[in-house]
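The lines below spell out each chain.
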Amino acid sequence: MQDLLNSDRQYSPQKLSILCRLEPGCLGPDGIDHIDTFCQLAERALANLNADVCQWFISPRFDKSLVEIQYSLAGKVLPRDKAIKFVQSFDQNLNEIEERFEDKLTQLINQYIARKNTQ
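Reading guide: rules and limits
- Residues numbered from 1 in each chain as written.
- Predicted model: local features only at pLDDT ≥ 70, side-chain atom pairs only at ≥ 80, totals over all residues.
- Heavy atoms only, no water.
- Buried < 20%, exposed > 50% of the residue type's maximum accessible area, 1.4 Å probe, protein only.
- Helix = DSSP H or I, 4+ residues; strand = E, 2+ residues; numbered from the N terminus.
- Arc of directions from axis to C-beta.
- Contact = heavy atoms within 4.5 Å.
- Axes fitted to C-alpha atoms, helices over the stretch in contact; angles between N-to-C directions.
- Parallel < 35°, antiparallel > 145°, perpendicular 65-115°, else oblique.
- Nonpolar A, V, L, I, M, F, W, Y, C, P; charged D, E, K, R; others polar.
- pLDDT = per-residue confidence, 0-100.
- Patch = residues over 30% accessible without salt bridge, like charges linked within 9 Å, V, L, I, M, F, W, Y side chains within 5 Å.
- Areas by Shrake-Rupley, 256 points an atom, 1.4 Å probe, with all protein chains shown as cover.
- Salt bridge = Lys/Arg side-chain N within 4 Å of Asp/Glu carboxyl O.
- Lys, Arg positive; Asp, Glu negative; His and termini not counted.
- Charge placed at Lys NZ, Arg CZ, Asp CG, Glu CD.

Residues of helix H2 (residues 35-45) that are buried: Ile35, Phe38, Cys39, Ala42 and Glu43. Buried residues of H2, seen end-on, are gathered within an arc of 130° and therefore sit on one face of the element. Summarising the contacts, the buried residues of H2 are in contact with strand E1 (16-22), strand E2 (54-60) and helix H4 (94-118).

Structural data, given as structure tokens:
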């Protein structure tokens, strides 16, 4: 939840907040130098993804003891099974939402790396 407090956006108590922590290495060997900027850009780029049900927060994962994906609702951390039930109440599927997110995130990572390498 602390990561949400550091985000530029405020979380909505009516939506499932999904915090994704990204390893700096996903941006290549010098990813540590780029991860903060990338997370801010990616969070803005993904803001409208399934915005009727959830909102995305993306932060660096410097501490490997923290889970990669964390769900919360109204400021309270939820286990995955409760997140699934919440999303189902909107006739949607959490696995499908996460697959779309991962596809978009992969595209953003590839674009970022490509731009970084041409500079």
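Read on for the rest.
For the rest of this paragraph, the subject is the packing of helix H3 (residues 80-88) against H4. Interaxial distance between H3 and H4 falls to 9 Å at its minimum, and their mutual angle equals 95°. When the axis of H3 is compared with that of H4, the two are roughly perpendicular. Touching Arg80, Ala83, Ile84 and Val87 of H3 are Leu94, Asn95, Ile97 and Glu98, all from H4. By residue class, the composition of the contact of H3 with H4 is five nonpolar, one polar and two charged.

Attention shifts here to the confidence of the model for the protein. On average, residues of the protein score 89 in pLDDT, and 88% of them reach the 70 mark or higher. Ignoring residues within four places in sequence, the model shows residues 1-8, a span with pLDDT below 50, making 13 contacts including any to other chains.

Side chains of Glu68, Glu96, Glu99, Glu102 and Asp103 sit close together on the surface and give a patch of like negative charge. Mapped onto the fold, Glu102 is located in helix H4.

Okay, the pairing of E2 next. For a regular strand, side chains alternate in direction, first toward one face of the sheet and then toward the other. Judged by how many residues are buried, E2 sits mostly within the fold: seven of seven residues are covered. Residues Cys54, Trp56, Ile58 and Pro60 line one face of E2 and the alternating positions Gln55, Phe57 and Ser59 line the opposite face, and both faces are buried.

A few words on the pattern of salt bridges. Under the defined criterion, the tally for this structure stands at three salt bridges. The salt bridge involving Glu23 is made with Arg61; its shortest N-O contact spans 3.0 Å. Placement of the pair is Glu23 in the loop between E1 and H2 and Arg61 in the loop between E2 and strand E3 (69-73), with a sequence separation of 38 residues. Given the relative accessible area of 24%, Glu23 is considered partly exposed. For Arg61, a relative accessible area of 14% corresponds to the buried category.

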